[in-house]
Amino acid sequence: MHDIRRIREAPEAFDAAMARRGVAAIGGTIVGIDARRRDAIAGEEAAQKRRNERAKAIGRAKGKGDEAEVARLMAEAGAGLDAAATEARIGLDAELKQVLESLPNILDAEVPEGRDETANVVLHQHGEPPRPNFAPKQHFELGEALGLMDFAAAAKLAGTRFTVLRGALARLERALGQWMLTLHSEQHGYTETAVPYLVNAATMYGTGQLPKFEDDLFKTTDGRYLIPTAEVPLTNLVREEILAESALPLRLTALSPSFRSEAGSAGRDTRGMLRQHQFQKVELVSVTRPEDSDAEHERMTACAERVLTELGLVWRRLFLCAGDTGFSAARTYDLEVWLPGQQMWREISSCSNCRDFQARRMNARYRPAEGKGTAFLHTLNGSGVAVGRALIAVLETHQQADGSVLIPEVLRPWMGGAERIS
């Protein structure tokens, strides 16, 4: 959500910021609605003043025993006008909110220009894509050959974009999630948190999923939503809260399933586990003071990068361009891994600084240790990392010529000491 005062003071600057997002000039429209809303507030205040004056006059008439004057004042015209002023203000409040909540966050000045992912900037690469002396297979070819990855059974149970894992691959998926959660909670300073997988509309609104992205969500018959990421419940833990400055930064992590309808992805990544309706993910969320959020963004991304390094994967960090940065983010780093079977880079983590955009939607604030009043928090989120995609990357990176897969050393204690899946 945006600060209406900033738009009111500089509508042209706001239009320039939205133009980077591909949004047509709207500052003048917002200022116009706001002006009418402020007029309505003034009218409502004037009506309240009239009500107060009339109430005092009635009180004086009653004190004098002047029943005729009391009756006249009670019948005096104006109640309809008072109601109209309130109705006008409520309508303009809703109109302004509807416009503001549909607009994406303002991008950081350093975000590269560009319309789509082709303009993203590679900032760093760890390792070089391997050149095996055999033709590497894709993860679904490996999984099916091992007899441990079953898409037909999943389709029978639930339809497309689901997977059944068995035996060592099911254990490997569990090992990845548990190892990453332990790493972040024990070594990176995040507090392990168990969250609901079903949340209400207010929670989805707080992080920006609603109203704009409702088609991407699964909704239950009682009005709740399956979470698309644990970012949603983790971040909303500070909704309508005022934190002490001493409680910051607040760092939370959770391992949870994520549910996505994949609206608009027909025909994309239809084979394998890359784009699923349900997948596991370890999420990282930070809540900070405004002056600390940029440094926290770098720290969070480094935590996710360590996961990839420890798993022996080849990865790179990208700075997303204006056209590829998500709705709630001011700036985003994507982490991509090299998949030998696909012979291409694929996203495995996305780490974003949302600044005060989500905090304004959630009314999440903190009280500075010095000074008066409160200020909006800054919120950040990142994948630390997507478990299914980590499984894919481990399978394709550590596959052997005979079709077996070496288990990264950090996962072997979680795999009963096994060194290989074959």
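Conventions and cut-offs
Residues numbered from 1 in each chain as written. Predicted model: local features only at pLDDT ≥ 70, side-chain atom pairs only at ≥ 80, totals over all residues. Heavy atoms only, no water. Core = buried A, V, L, I, M, F, W, Y, C linked by side-chain atoms within 4.5 Å. Buried < 20%, exposed > 50% of the residue type's maximum accessible area, 1.4 Å probe, protein only. Helix = DSSP H or I, 4+ residues; strand = E, 2+ residues; numbered from the N terminus. Contact = heavy atoms within 4.5 Å. Polar contact = N/O pair within 3.5 Å; in protein donor to acceptor, adjacent residues only side chain to side chain. Pairing = 2+ DSSP bridges.

Visitor: I'm lost on the nonpolar core in this one. Help?
Guide: Side chains of a nonpolar character, in soluble globular proteins, are inclined to be buried together. Grouped together as the largest cluster of nonpolar side chains are 46 residues, with contacts concentrated most on Leu172, Leu176 and Leu311. Of all the secondary-structure elements, those providing two or more residues to this core are helix 6 (139-146), helix 8 (167-186), strand 10 (278-288), helix 11 (293-310), strand 12 (331-339), strand 13 (344-353), strand 16 (378-386) and helix 13 (387-397). In this view, Leu172 contacts Leu391, Val394, Leu395, Leu411, Met415 and Ile421; residues no more than four positions away in its chain are not counted. If you look at the next biggest cluster of nonpolar residues, it comprises 22 residues, including Met1, Ile4, Ile26 and Tyr205.

Visitor: How should the side chain of Glu101 be read in this particular structure?
Guide: In this structure, Glu101 sits in helix 5 (residues 79-101). Residue classification places Glu101 among the buried positions, given a relative accessible area of 9%. A distance of 3.0 Å separates the side chain of Glu101 from the side chain of Tyr205, its partner in a polar contact. Among residues more than four places away in sequence, those in contact with Glu101 are Met1, Tyr205, Pro211, Phe327 and Arg361.

Visitor: Got a minute to help me understand the pairing of strand 9 (residues 250-259) in this structure?
Guide: A regular strand carries its side chains on alternate faces of the sheet. Within strand 9, seven of the 10 residues are buried, leaving the element largely enclosed by the surrounding structure. Where strand 4 (residues 191-192) meets strand 9, two bridges bridge the pair, whose relative direction is parallel. The residue of strand 9 that forms the bridge with Glu192 is Thr253.

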